[in-house]
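Descriptive structure summary
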There are 2 protein chains.
Amino acid sequence: MKVVKFGGSSLASGKQLEKVFDIVISDPERKVVVVSAPGKRYSEDTKVTDLLIECAEKCLKKEDPKEQVNALIDRYAAIADELSLPEGLINEIKKDLTSRINADKSKPDRFMDLLKAAGEDNNAKLVAAFFREKGVEASYIDPKEAGLFVTAEPGNAQVLPESYEQLFDLHERPGILVFPGFFGYSKEGEVYTFSRSGSDITGSILANALKADLYENFTDVDAVYAVNPSLIDRPKEIKELTFREMRELSYAGFSVLHDEALVPAFRAGIPVHIKNTNNPQAHGTRIVAERDNTNGPVIGVASDEGFCSIYVSKYLMNREIGFGRKLLSILEDLGLSYEHTPSGIDDLSVILRENQLNAKKEAEILHRIKTELHADEVKIKHSLALIMVVGEGMRHNIGTMARASKALAKANVNIDMINQGSSEVSMMFGVKQVDEVRAVKAIYDEFFAAVPV
Amino acid sequence: MKVVKFGGSSLASGKQLEKVFDIVISDPERKVVVVSAPGKRYSEDTKVTDLLIECAEKCLKKEDPKEQVNALIDRYAAIADELSLPEGLINEIKKDLTSRINADKSKPDRFMDLLKAAGEDNNAKLVAAFFREKGVEASYIDPKEAGLFVTAEPGNAQVLPESYEQLFDLHERPGILVFPGFFGYSKEGEVYTFSRSGSDITGSILANALKADLYENFTDVDAVYAVNPSLIDRPKEIKELTFREMRELSYAGFSVLHDEALVPAFRAGIPVHIKNTNNPQAHGTRIVAERDNTNGPVIGVASDEGFCSIYVSKYLMNREIGFGRKLLSILEDLGLSYEHTPSGIDDLSVILRENQLNAKKEAEILHRIKTELHADEVKIKHSLALIMVVGEGMRHNIGTMARASKALAKANVNIDMINQGSSEVSMMFGVKQVDEVRAVKAIYDEFFAAVPV
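A brief look at the structure comes next. These figures come from a predicted structure and were not determined experimentally.

**Regarding the pattern of salt bridges**
- Here the structure, examined in full by the defined rule, presents 56 salt bridges over all chains.
- As a salt-bridge pair, R353 of chain A and D304 of chain A come within 2.9 Å of each other at their nearest N and O atoms. Residue R353 of chain A is located in strand 15 (residues 347-353), and its partner D304 of chain A is located in strand 13 (residues 300-313); the two are separated by 49 residues in the primary sequence.
- Of the charged contacts in the structure, one is a salt bridge between R75 of chain B and D45 of chain B, with a shortest N-O distance of 3.4 Å. Of this pair, R75 of chain B sits in helix 3 (residues 66-82) while D45 of chain B sits in the loop between strand 2 (30-35) and helix 2 (48-60); the two residues are 30 residues apart in sequence, bridging distant segments of the chain. Comparing R75 of chain B with D45 of chain B shows no difference in burial state: the two are buried.
- One salt-bridge network, in which partners are shared between bridges, spans R41, D45 and R75 of chain A.

What follows is the structure, given as structure tokens:
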């Protein structure tokens, strides 16, 4: 059995829904269909979810959301029209929106979540109706009734463990089950949404709960690429990668699937298959627990910028028990989360995301480290980028570092930091932001460029 | 003005003392002479300090230390004899030893320190007498009277800050001042010794206190070498290196001068010159605050073994604020001091010295990390070596990592860890202990071997 999730662009119009239908019925294993809200039809279009957010904001400001409501109804009506769905459906959606708009606004965050969830909820009803119109047994599944319970955290709900057992009962239902993504219900029966890419999370939870053989995630790209396609022309497609590799790549800017969405599938060992709704024949990319490393040591190169480092040195620091722990405690105290801590003998650097700092906070950091740890020198270096070179094959391959660092040297990139040896599937280079693109290109060319004849 | 320190082998015999005398009087700037206890004259010989330790152990066991006392007197007498020093000197030494042996033994550690200090204290008296015999104005300086005050920590005394001001007054005394190394006095007037290489510490303290222009440290090697001479035949001599470079090299096995001994000179910005008593014409090695980096990026390669790593992985660890700090707190709790913490996205390794662990402690570490941090995987890897590649020139030199890692790959050494980027003067490779020597040789050859014609 397969759980199949479709993203917003795959559901943006009647024409897209026809593709979705063809994909689902072409494989009898595709039993559970998780849907996003209708996305953009063209690049200037507005997503349904964004319309709902505007609508909620109007309501909270006690303004009339008429314009947004009309636009929302128009979006669903356009799809229903294109697919010749029965009139009653749009009335039902209208009624649903009206009831949400009139709901309790005493907790603005909760009200916002209630409205945001309308996009997926109504779309699931629409998709189920469409499938039935096509003569296929299909039903909309209400997450509340099915038992998808979550924590009461607006915009960041976490699935409750008991949900898995309850959702398992869905597997007895006949026909195709159309499940709205993005939200669940608190124990008190209130709607709460997941974080960003919440429909991916719903699909992954259902795959786990229903012990699916595969979680298919349909989006609008043919594959995950070995490097950001905006940097390299026609980069290599990744056919298969492991969860670990995906996680390391997505840390540094690969954003095909949100990390959190992978967790339930990963924990249950269910492979995830990323495919293209607009080109279902393409192989796509499979994310699996283990793979053969037959294609060289490196599977992908990614990078992310906006890091800085706090450098602390103190003569004989190395002999001082607890120095590192005290330093990290100060940062925790100041509410800062850090990424890495490369160290020398008498010095230690802490790499963190720059957006957590401002001039005042920096002064505070410098002051506390100097006075509490009696450091000889403390300084903050800005505008660093981290380059991740990822691949399961790396750990058995002597010379990968030599190739990568030589490629960087040839591209005249100075390596500010190397952090290698904890992860078995990656090596990380810290470089200046100005060198980031050149560094990624150099490493991609080293490991992926075709060998000259 | 220069402070000049002579090690045990430079003071082992009358013949050696003649060399010391020639060296001191050849430069009128050499005003303060710090002496160790007489060392070995030949490889099977016993150092005076070791005889004193045996003597103290006998006393503490309430046995007769006669044999050791005789051997001690014989050592000093042989030197006095060789140099035709007056009889009275040896009687004075005999009296001093007897009074120490009869001192309070209620605190065995303190008694041990009192006896150990006798080696340097009496040798300083002997050396001063010898200089006077040669017609030079010279006096023995009593550390108590001169004001070298230390903490009451047996075998690990730390100089008290007020000592520096008091010792400064020595600069008004005429002639050559012969100062015993290795010990000072507590505020209560008790003798306490410094840690290993304590005479080097005394010299460094005096150089700082007296605002010397140079601290000369005479030993029995021509220079500090770029690599351990037992691994490479006739390795390159280092003419000049910085305090930072020396510190990084000595971390990984370079033991010419103990780190702690460098601190007072380093803090006062006083250069240290390591020279050979047996070959004073040799250039020796200068340790300075700053140097020109004209000789390539690398100044030396060192290695040390006996490390292990604790590997911890947990999916989405990266999002968990305080994970690293909590892990380090557990290790601190268990009394473990760690060296480095390379990290991936969802994993973290802690490198520590293996001799702190045993089977029981390892089980405890694994248990606590698993249960308290809910880690997915925890494992301990044994028998690692760290290779330090050191040089001030490194930070301005693109491609040093490429050269080093390529040399390792060619020597078929797998790099388990790289920690680079905090220290500006070193890069560190973790390799398996079995690969250590091969790795050091490969890197030495890359950076130091003569270019083939």
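**Some thoughts on the side chain of S250 of chain A**
All names here are of chain A.
- Position of S250 among the secondary structure elements: in helix 10 (residues 243-251).
- The buried category is assigned to S250, whose relative accessible area is 13%.
- Polar contacts involving the side chain of S250 include one to the main-chain carbonyl oxygen of R247, which spans 3.2 Å.

**Quick word on empty space enclosed by the protein**
- In total, this model carries 4 cavities of 30 Å³ or more according to the counting rule given.
- Considering only enclosed or pocket space, the largest cavity measures out at about 240 Å³ in volume.
- Lining the largest cavity we find 21 residues, and of these Y338 and E339 of chain A together with E320, F323 and G324 of chain B sit closest to its centre.
- The set of elements that each furnish at least two residues to the lining of the largest cavity consists of helix 12 (323-333) and strand 14 (338-340) of chain A together with helix 11 (323-333) and strand 15 (347-353) of chain B.
- Classifying every residue of the lining of the largest cavity gives 9 nonpolar, 6 polar and 6 charged.

**Examining the pairing of strand 4 (residues 176-180) of chain B**
Residue and element names in this part refer to chain B.
- Of all 5 residues in strand 4, 5 are buried, a share of seventy percent or more.
- Neither face of strand 4 is exposed, since I176, V178 and P180 on one face and L177 and F179 on the opposite face are all buried.
- Inspection of the sheet shows strand 2 paired to strand 4 by 4 bridges, in the parallel sense. Note that in strand 4 the partner of V32 across the bridge is L177.
- Across 3 bridges, strand 3 (residues 138-140) lies against strand 4 in parallel orientation. Residue pairing in the sheet places A138 in a bridge with I176 of strand 4.

**Re a positive patch on the surface**
- There is a patch of like positive charges on the surface, built from K406 and K410 of chain A together with K406 and K410 of chain B.
- For the positive patch, the elements supplying multiple residues, two or more each, are helix 14 (400-410) of chain A together with helix 13 (400-410) of chain B.
- Along the chain, K410 of chain B falls in helix 13.
- Classification of K410 of chain B as exposed rests on a relative accessible area of 71%.

**Section: the sheet that holds strand 17 (residues 417-420) of chain A**
- Strand order in the open sheet formed by 12 strands is 14(A)-15(A)-13(A)-16(A)-18(A)-17(A)-17(B)-18(B)-16(B)-13(B)-15(B)-14(B), and the pairing between neighbours is antiparallel. Unpaired on one side and paired on the other, strand 14 of chain A together with strand 14 (338-340) of chain B mark the two borders of the sheet. The average undirected angle you get between the axes of adjacent strands in this sheet is 35°.
- As paired elements, strand 17 of chain A and strand 18 (residues 426-432) of chain A share 4 bridges and run antiparallel to each other.

**What about the interface of chain B and chain A?**
- Taken residue by residue, the interface counts 62 residues in chain B and 62 residues in chain A.
- Counting each side, the surface lost to burial between chain B and chain A is near 5,300 Å², with a carbon and sulfur contribution of 50%.
- Across the chain B-chain A interface, the total number found is 6 salt bridges.
- Where D346 of chain B meets R247 of chain A, a salt bridge forms, and the shortest distance between an N and an O atom there is 2.4 Å.
- Linking chain B with chain A are 14 residue pairs in polar contact (both at pLDDT 80 or more).
- Only helix 9 (243-251), helix 10 (259-268), helix 11, strand 14, strand 15, strand 16 (377-390), helix 13 and strand 17 (417-420) of chain B provide two or more residues apiece to the side of chain B that touches chain A.
- For the side of chain B that touches chain A, the leading source of residues is helix 10 of chain B, giving 6 residues.
- Class assignment for the residues of the side of chain B that touches chain A results in 24 nonpolar, 20 polar and 18 charged.

**Let's talk about unusual backbone geometry**
- A positive phi angle, near 55°, is found at S84 of chain A, a position not held by glycine.
- Among the secondary structure elements, S84 of chain A is positioned in the loop between helix 3 (66-82) and helix 4 (88-101).

**Description of the nonpolar core**
- Counting 161 residues, the largest nonpolar core has F429 of chain A together with F429 of chain B as the members making the most contacts within it.
- Each residue touching F429 of chain B, except ones within four places of it in the same chain, is listed here: A385, L386, I387, V389, M401, A404, L408, I415, M417, I418 and I443 of chain B.

**Some points on the packing of aromatic side chains**
- Under the criterion given, the structure shown has 16 aromatic pairs over all chains.
- Relative to F448 of chain B, the ring of Y444 of chain B has its centre 4.9 Å away and its plane inclined at 20°; by these criteria the two rings are stacked. Of this pair, Y444 of chain B and F448 of chain B both sit in helix 14 (residues 436-448), 4 residues apart, which is roughly one turn of that helix. By the burial criterion, Y444 of chain B is buried, and F448 of chain B matches it.
- Following the ring pairs from residue to residue traces out a cluster consisting of F21, F130 and F131 of chain A.

**Some points on the sheet that holds strand 4 (residues 176-180) of chain A**
Residues and elements named next belong to chain A.
- Taken together, 8 strands build an open sheet; the order of strands is 3-4-2-1-7-11-12-10 and the sheet is mixed. Looking at strand neighbours, the two that pair on one side only are strand 3 (138-140) and strand 10 (240-242), the edges of this open sheet. Neighbour-to-neighbour, the strand axes of this sheet turn through a mean angle of 20°, independent of strand direction.
- Across the sheet, helix 6 (residues 118-133) is in contact with strand 2 (30-35), strand 3 and strand 4; its angle to strand 3 comes to roughly 165°.
- With respect to the sheet, helix 10 is in contact with strand 10, strand 11 (272-276) and strand 12 (285-288), its orientation differing from that of strand 10 by roughly 85°.

**Quick word on helix 1 (residues 14-25) of chain B**
Residues and elements named next belong to chain B.
- Over its 12 residues, helix 1 extends 16 Å from the first C-alpha to the last, a length consistent with the 16 Å expected when each residue adds 1.5 Å.
- Those residues of helix 1 lying buried are G14, Q16, L17, V20, F21, I23 and V24.
- Buried residues belonging to helix 1 abut strand 1 (2-6), strand 2, helix 3, helix 5 (108-133), strand 4 and strand 7 (214-219).

Thresholds applied
Throughout, residues of each chain are indexed from 1 in the direction in which the sequence is written. Chains carry letters and ligands carry numbers; both start at the beginning, A for chains and 1 for ligands, and go up in the order they are written. Local features in this predicted model are restricted to residues of pLDDT 70 or higher, and side-chain atom pairs are both shown and tallied only at a pLDDT of 80 or more, whereas totals for entire chains, interfaces and linings draw on every residue. The side-chain numbers reported here are obtained from all heavy atoms of the structure, hydrogens and water having been left aside. Here, a salt bridge means any Lys or Arg side-chain nitrogen found within 4 Å of an Asp or Glu carboxyl oxygen. Helix and strand definitions here come from DSSP, where helices need a minimum of 4 consecutive H or I residues and strands a minimum of 2 consecutive E residues; each element is numbered from the N-terminal end. Categorising residues by exposure relies on relative accessible area from a 1.4 Å probe, with only protein chains included: less than 20% of the type maximum marks a residue as buried, more than 50% marks it as exposed, and the intermediate range marks it as partly exposed. Between N or O atoms, a polar contact is any pair within 3.5 Å; within protein, one atom must be a potential hydrogen donor and the other a potential acceptor, and residues adjacent in sequence are included only when both atoms are from side chains. Buried and open spaces are told apart on a 1 Å grid over the protein atoms alone, a cavity being a set of points where a 1.4 Å probe fits but cannot get out and a pocket being an open set with protein on both sides within 12 Å along at least five of seven lines. Residues with an atom within 4 Å of a point are the lining residues. Grid points are joined across faces, edges and corners, and a volume is the space filled by probe spheres set on the points. Amino acids outside the nonpolar list (Ala, Val, Leu, Ile, Met, Phe, Trp, Tyr, Cys, Pro) and the charged list (Asp, Glu, Lys, Arg) are all regarded as polar, and Gly is one of them. The rule for pairing is simple: two strands pair if DSSP sees at least two bridges between them. Each patch is built from residues that are more than 30% exposed by relative accessible area and take part in no salt bridge. Like charges join if they lie within 9 Å; nonpolar side chains (Val, Leu, Ile, Met, Phe, Trp, Tyr) join within 5 Å. We get accessible surface area from the Shrake-Rupley algorithm with a probe of 1.4 Å; when it comes to residues, only the shown protein chains can shield them. For this count, His and the chain ends are skipped, Lys and Arg are scored as positive, and Asp and Glu as negative. All charge positions are set by atom: Lys at NZ, Arg at CZ, Asp at CG, Glu at CD. Helix axes use the C-alpha atoms of the stretch in contact, all axes being lines fitted to C-alpha atoms, and the angles between their N-to-C directions lie in the range 0 to 180 degrees. Residue contacts are counted whenever heavy atoms from the two residues lie within 4.5 Å of one another. A simple way to read buried area is as the amount of 1.4 Å-probe accessible surface that goes missing from two parts once joined, with both sides added. As used here, the term nonpolar core means buried Ala, Val, Leu, Ile, Met, Phe, Trp, Tyr and Cys residues forming a set that is joined through side-chain atoms within 4.5 Å. Only Phe, Tyr and Trp rings take part, Trp by its six-membered ring, and two of them pair if their centres are within 6.5 Å. Stacked means planes under 30 degrees apart, edge-to-face means over 60, and tilted covers everything else. Multiplying one less than the number of residues by 1.5 Å gives the expected span of a helix.

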